[in-house]
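# Working through the structure, step by step
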Amino acid sequence: MFCGVLYLHSILKISQCTCGHCHMKKHNDSWFSKRFNASYHPLMTRSSPVSTETFLWWKKIQPRSGTGWNEYRKAVDELFQIIPDKELYRDEGPDRCRVCSVVGNSGNLKNSRYGPLIDFSDFVFRINKGPTKGFERDVGSKTTHRIIYPESAVDMDNSTHLVMFSFKLLDLKWLISVFTTHTVKRGNTPLKSTIRANQSLVTVVSPSFMEYVHGHWLGKHGRYPSTGFMTVVMALHICDQVRVFGFGADKHGNWDHYFEKTSPFYKTGPHGGTFEYDTIKELHKRNIIEMYGIW
């Protein structure tokens, strides 16, 4: 009887919150349950488990696959000598209501006037270089988490969490370098050798979480998931209510960014862009997230 009560409490702990709309109340949705696995925590610590299968997947997505396990572990050990080695966002429970906005870079944000709604969120995740200055009315001014990889790095203020997706070993070495030697200056393209960021607020997404998103959520469509799609899934893991802005084309079918024109031949690269977007729309359709700017 006692074990049964504990089990019921554990289910209630991850499936309820004080928000008016909690996505985890959808745990009985078979489509969602098939994809969502709460045991995968997005952020890496020094002791985060990385299976042989996961390491081989991560190694395979790199431009050069010569990365060895010892080299990877050495980089991880060096990294957690300079950034915090602690688990974050493990505070889920029935008394929490964490509202999060994931802000992509689509041109469908232009003239949207979503700024105040975005800024009203507890967490605001911004993807790559998406700026706020000059676009506050449409995209807001608040940024709690900036999602980057080295090629998309930008300076950020002292209160913003830097969240890095590491697609290759060089990404880990670059992150170490920007806070120490400033010697890593080139990857696939020239890289910033230093950036302005609060070192105590730096986190790295686990390769295990990246592989989980690729397999569970995308059915291995694309070579690996985009930062935008992985951020949406990450928000599902650490937030209670998720709002998504700035994904997909604008109402004219254009794929411009709200802050710049993109090539008319703009592609989603190695990502399964259409499948990702359809999956996000399905989350909206099932009332698991709130998606704004659908045409």
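This write-up is about the structure you can find in this document. A quick note: this is a predicted structure, and the numbers were derived from the prediction, not measured. (Residues numbered from 1 in each chain as written. Predicted model: local features only at pLDDT ≥ 70, side-chain atom pairs only at ≥ 80, totals over all residues. Heavy atoms only, no water.)

### Section: the overall build of the protein chain
Quick note on the threshold: Only DSSP runs of H or I reaching four residues or more are called helices, and only runs of E reaching two or more are called strands; each is numbered from the N terminus. Under the scheme applied here, a residue whose accessible area is under 20% of the maximum for its type counts as buried, over 50% as exposed, and between as partly exposed, the area being computed with a 1.4 Å probe on protein chains only. Throughout, a contact is declared for two residues whenever any of their heavy atoms are within 4.5 Å. Computed by Shrake-Rupley with a 1.4 Å probe, the accessible areas treat only the displayed protein chains as cover when residues are assessed.
Along the backbone of the protein chain there are 10 helices and 7 strands. Burial statistics for the protein chain: of 295 residues in total, 54% are counted as buried. Taking all contacts inside the protein chain whose residues are at least 6 apart in sequence as the whole, residues at least 24 apart take part in 66%. Here the protein chain displays about 14300 Å² of accessible surface, and carbon together with sulfur accounts for 53% of that area.

### Describing the pattern of salt bridges
The test is simple: In the sections that follow, a salt bridge refers to a side-chain nitrogen of Lys or Arg positioned within 4 Å of a carboxyl oxygen of Asp or Glu.
If you walk through the whole model with that rule in mind, you get 16 salt bridges. The salt bridge involving Lys-173 is made with Glu-71; its shortest N-O contact spans 3.2 Å. One end of the pair, Lys-173, is in helix H7 (residues 169–178); the other, Glu-71, is in helix H4 (residues 69–79), with 102 residues separating them in the sequence. For Lys-173, a relative accessible area of 35% gives the class partly exposed. Of the residues examined, Glu-71 reaches a relative accessible area of 36% and is grouped as partly exposed. In this structure, the salt-bridge partner of Asp-240 is Arg-96, at a minimum N-O distance of 2.9 Å.

### What to know about unusual backbone geometry
Within the chain, Arg-113 stands out as a residue other than glycine whose phi angle is a positive 55°. A positive phi angle is found at Lys-220, which is not glycine, with a value near 65°. Locating Lys-220 in the fold gives a position in the loop between helix H8 (207–217) and helix H9 (227–238).

### Regarding the nonpolar core
Where we set the bar: Working definition of a nonpolar core: buried Ala, Val, Leu, Ile, Met, Phe, Trp, Tyr and Cys residues. They are joined through side-chain atoms within 4.5 Å.
Grouped together as the largest cluster of nonpolar side chains are 70 residues, with contacts concentrated most on Phe-125, Leu-172, Trp-174, Leu-175 and Trp-217. Of all the elements, H9 adds the most residues to this core, at 8 residues. Filtering out sequence-adjacent residues up to four positions away, Trp-174 remains in contact with Ile-148, Pro-150, Ala-153, Met-164, Val-184, Leu-191, Lys-192 and Ile-195. Counting 8 residues, the second-largest nonpolar core is a separate cluster that includes Ile-118, Val-124, Val-139 and Tyr-258.

### Considering the environment of Asn-254
By the secondary structure assignment, Asn-254 is in the loop between strand S6 (241–245) and helix H10 (273–285). The class for Asn-254 is partly exposed, based on a relative accessible area of 36%. On a C-alpha basis, the gap between Asn-254 and Gly-107 in space is 7.6 Å, while along the polypeptide they are 147 residues apart.

### Here we look at H10
Using the following cut-off: Take the number of residues in a helix, subtract one, and multiply by 1.5 Å to get its expected span.
When the terminal C-alpha atoms of H10 are compared, their 18 Å separation across 13 residues agrees well with the 18 Å that a helix rising 1.5 Å per residue should span. The inward-facing, buried residues of H10 contact helix H2 (30–35), H8, H9, S6 and strand S7 (290–291).

### Points about the sheet that holds strand S4 (residues 161–165)
Using the following cut-off: Paired strands, in this sense, are two strands between which DSSP finds at least two bridges.
Strand order in the open sheet made by the 7 strands is S5-S4-S3-S2-S1-S6-S7, with parallel pairing throughout. Edge strands, defined here as strands with exactly one partner in the open sheet, are strand S5 (202–205) and S7. Where strand S1 (residues 99–103) meets S6, 5 bridges bridge the pair, whose relative direction is parallel. Looking across to S6, one finds that Ser-101 is bridged to Arg-243.

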